Amino acid sequence: MLVKTFQAASMAEALRMVKAELGPDAMILSTKKENTGGILGFFSKSVYRVTAAIDPVPRQAPSSAPSQGTHRPRPERERTAKEELESSMFAPLARELKELREKVDALSRREDDTKKPSREENQEEVPPLGFNLKNVPRGDLEEIKKLLLNTLAKSQEGVARTVQWPDVSEISPAEAQTALELLPEDSPLAQELIQSGISTDLIRRILDTLSTLPAEDGGQNLKSRLGATFSKLIKFAGTLKMRKNSPRIIALVGPTGVGKTTTTAKLAAMYALNRGNKVALITMDIFRVGAVEQLKTYSRIMGIPLEVASTPKELEKAVEKHSACDLIFIDTAGRSHKDKEKLDEMKNFLDNKIPIEVYLCLSATTKDRELEEILNRFKIFQVSKVVFTKIDESESFGNMVNLLMKDNLQIAYFTTGQRVPEDIEVATSAKLADMILREASE
C-alpha cells in the first residue's frame, strides 16, 4: 500500500492534492490541522495535513506454459470515479449522436434500396453499427468536454471570483473521504458549500436545483442564484400577517442559553415600534433569576404591557386580558432537551384552549447532531417555525441548512447580536446565501 501525507493551507486544497497525485480511489487515513511558524506562539499559520493511501496495481506473474486452445477471459476492470463522471457527462450527448447516426443510416439504406438490383432484394439487411462512447476517439471526447466547459463558463460570465478558504475546524477522515469521492473537484461552489459544513448529499440537491434555474437576461451573480436555489429547497416564513378579529399568539421555546428572552423583546419591538402593531408580552420564565425584571425593563422602555403567568389558568387570563392586541408574545423558561420531565411539564402548561404558535429558538453555534437531538425532543410542542439566534457568534452556517432541508422546517428569523431591537431580521433565502458565501470568502 502506498501511503503519502499532503500539506496545504486549506482542507480543500489538500484534498485536491490527494486526488491529483493518488487518484479518486485514494483512501483518507487521517486529517489534522496544525499551527506552524510564528514567534513565541504568535503570527503562526494554520496548515492541514491529510494522510492518504492507495493500493498499487498488482503485477500479474507471467503464466508458465499456458495450455494451447484454452482462453481465459480477462476480468472486466471496475470503472474509476473519473470514468463514471465522464460517462454521466457524455450520456445525453451520446444519445443524441446515436439518434443522429441512426437517422443517417436509415436515409443511407433507403437510398441504397432504390439503387439495388432486384436480385439483391432478398438479401439480409445489414444493421447499422450501434453507438458506443468507446468507439469515439479520446481526442474527440476531450474536445467535446472542452466545448461543454466553455459553454458553461460563458453562461456564468462575470460570476467567477477568487475563493479565499476560511480556517475551519478539523474534519474527520470519513468526511474528507466522502468529499473526495462525491464532489466535483472543479466546482468552487461545491467546495464552498462543504467548507460551510453542508452535508454532501444536500450539496448534490443544491447543485442539481441550481442547474435547473433559468438564465436571466444580463446574468446573475452566484449569490443571487444560490439564494434562488435556497428559496426552492427551504421554507421561509416571511413577515407575520395580522388577523382581523383575534391576536396571533406566539410562544418561544428552546434550550437554556439560546437567548429566548432577548429574542422575545426584539420581536415585540420589531412589530410594535417599527410596524405599529399593538403588542403584549407574557412571561412564564419565573425560574431564572432576573428574567422577569429583564422583560419588565424592555416593556417599560417600549411602552408594551407585560403579564406574568405561573399557571395555565393565569396564562389563559393574561391572553384574554389582551385579546384586543394584534400580537401576544410568550417567553418561556429554558429547558434542557435532555430533561424530559421539565419538557412534559411545560407542554402541559401550553396545552389549553388557546391557539398558540410555537417557535423553536436554536443557536447557530450548535453542532449538527445536537441540533437534531434538540429538535426531536422539542417536537412534542408541535413546532411551527424556527428562529436561529447568535448568528454573529457562529463561524459556519451549514448546520442551519442541514437541519432546515433534512427536516423540512420553516425558518422565521435570524438574530445577529444583543442589541434590542436592532439585531433581528426576517429570515430570507438571500440572507442565507449571503452568509454561506461571505463565510467562504472571509
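Residues numbered from 1 in each chain as written. Predicted model: local features only at pLDDT ≥ 70, side-chain atom pairs only at ≥ 80, totals over all residues. Heavy atoms only, no water.

1. Remarks on the overall build of the chain
Assigned secondary structure in the chain consists of 14 helices and 12 strands. Sorting the 442 residues of the chain into buried and exposed places 40% on the buried side. Taking as baseline every contact in the chain between residues at least 6 positions apart, the subset at least 24 positions apart corresponds to 72%. For the chain, the accessible surface area stands at approximately 26400 Å², while carbon and sulfur atoms represent 50% of it. (Helix = DSSP H or I, 4+ residues; strand = E, 2+ residues; numbered from the N terminus. Buried < 20%, exposed > 50% of the residue type's maximum accessible area, 1.4 Å probe, protein only. Contact = heavy atoms within 4.5 Å. Areas by Shrake-Rupley, 256 points an atom, 1.4 Å probe, with all protein chains shown as cover.)

2. Brief notes about the side chain of Ser363
With respect to the helices and strands, Ser363 occurs in strand 9 (residues 356-363). For Ser363, a relative accessible area of 6% gives the class buried. Engagement of the side chain of Ser363 in a polar contact is seen with the side chain of Thr365, the distance being 2.6 Å. When sequence neighbours within four positions are dropped, the list of residues in contact with Ser363 reads Val258, Leu371, Phe388, Thr389 and Lys390. (Polar contact = N/O pair within 3.5 Å; in protein donor to acceptor, adjacent residues only side chain to side chain.)

3. What about the nonpolar core?
Looking at soluble globular proteins, one finds that nonpolar side chains tend to be buried together. Formed by 61 residues in total, the largest nonpolar core has its most connected members in Leu315 and Phe388. If you look at the next biggest cluster of nonpolar residues, it comprises 27 residues, including Met270, Ala272, Leu327 and Val426. (Core = buried A, V, L, I, M, F, W, Y, C linked by side-chain atoms within 4.5 Å.)

4. So, unusual backbone geometry
Located in the positive-phi region is Gln382, a residue other than glycine, with phi close to 55 degrees. Secondary-structure assignment places Gln382 in the loop between helix 12 (368-378) and strand 10 (385-389). Judged by its relative accessible area of 69%, Gln382 is exposed.

5. Focus on a nonpolar patch on the surface
There is a patch of nonpolar side chains on the surface, built from Val3, Met27 and Leu29 and spanning about 250 Å² of accessible area. Structurally, the position occupied by Leu29 is in strand 2 (residues 27-36). Its relative accessible area of 39% is what places Leu29 among the partly exposed residues. (Patch = residues over 30% accessible without salt bridge, like charges linked within 9 Å, V, L, I, M, F, W, Y side chains within 5 Å. Salt bridge = Lys/Arg side-chain N within 4 Å of Asp/Glu carboxyl O.)

6. A look at helix 7 (residues 222-233)
Compared with an ideal rise of 1.5 Å per residue, which puts 12 residues at 16 Å, helix 7 spans 17 Å between its outermost C-alpha atoms and is within 8% of the ideal. What helix 7 keeps buried is the set Leu222, Arg225, Leu226, Gly227, Thr229, Phe230 and Leu233. (Expected span 1.5 Å × (residues − 1).)

7. Regarding the pattern of salt bridges
Overall, the coordinates contain 11 salt bridges when judged by the stated rule. A salt bridge links Glu357 to Arg248, with the nearest nitrogen and oxygen atoms 2.7 Å apart. Linking Glu357 in strand 9 with Arg248 in strand 5 (residues 248-253), this pair joins segments that are 109 residues apart in sequence. Like Glu357, the residue Arg248 is buried in the burial classification.

8. Some points on the environment of Lys19
Tracing the backbone shows Lys19 in helix 1 (residues 11-22). For Lys19, a relative accessible area of 17% gives the class buried. Separated by 33 residues in the primary sequence, Lys19 and Ala52 place their C-alpha atoms 9.6 Å from one another.

9. Details of the pairing of strand 10
By the criterion of burial, strand 10 is predominantly enclosed, with five of the five residues buried. Taking every second residue as pointing to the same face, both faces of strand 10 are buried, with Lys385, Val387 and Thr389 on one and Val386 and Phe388 on the other. Here strand 9 pairs with strand 10 via five bridges, running parallel. Each bridged residue has a counterpart across the sheet, and for Tyr359 the counterpart in strand 10 is Lys385. (Pairing = 2+ DSSP bridges.)

10. Remarks on the packing of aromatic side chains
With the rule as written, the count across this model stands at two aromatic pairs. Here the guanidinium or amino end of Arg275 rests over the ring plane of Tyr271, the centre of that ring lying 5.3 Å away. (Phe/Tyr/Trp six-rings, centres within 6.5 Å; stacked < 30°, edge-to-face > 60°. Lys NZ or Arg CZ within 6 Å of the ring centre and 35° of its normal.)

11. Regarding the packing of helix 12 against helix 13 (residues 398-406)
Remark: helix 12 packs on helix 13, axes separated minimally by 9 Å, with the N-to-C direction vectors making an angle of 40 degrees. Viewed along their axes, helix 12 and helix 13 adopt a mutual orientation that is oblique. For the pair helix 12 and helix 13, the crossing hand works out as right-handed. Across the interface between the two elements, Asp368, Leu371, Glu372 and Leu375 of helix 12 pack against Asn399, Asn402, Leu403 and Lys406 of helix 13. (Axes fitted to C-alpha atoms, helices over the stretch in contact; angles between N-to-C directions. Parallel < 35°, antiparallel > 145°, perpendicular 65-115°, else oblique. Left-handed = near helix turned anticlockwise from the far one by under 90°.)

12. Points about the side chain of Glu357
By relative accessible area, which is 12% here, Glu357 ends up buried. Within the structure, the side chain of Glu357 is placed 2.7 Å from the side chain of Arg248, a separation counted as a polar contact. What Glu357 contacts, discounting residues up to four positions off in sequence, is Arg243, Arg248, Ile249, Ile250, Ala251, Ser384 and Lys385.

13. Observations concerning helix 8 (residues 260-274)
Here helix 8 spans 20 Å end to end across 15 residues, near enough to the 21 Å set by a 1.5 Å rise per residue. With 13 of 15 residues buried, helix 8 is to be regarded as a mostly interior element. Remark: Gly276 follows helix 8 within two positions and exhibits a positive phi of approximately 75 degrees.

14. Here's the deal with the environment of Gln191
Its place among the elements puts Gln191 in helix 5 (residues 188-195). With relative accessibility at 11%, the residue Gln191 sits in the buried group.

15. A few points about the confidence of the model for the chain
On average, the chain scores 75 in pLDDT, and the residues at 70 or more come to 64%. Here residues 152-170 is a poorly scored stretch, pLDDT under 50, and it has 36 contacts once near neighbours within four places are set aside; other chains count. Across residues 182-186 the pLDDT falls below 50, and counting only partners more than four positions away or on other chains, this stretch makes 15 contacts in the model. (pLDDT = per-residue confidence, 0-100.)

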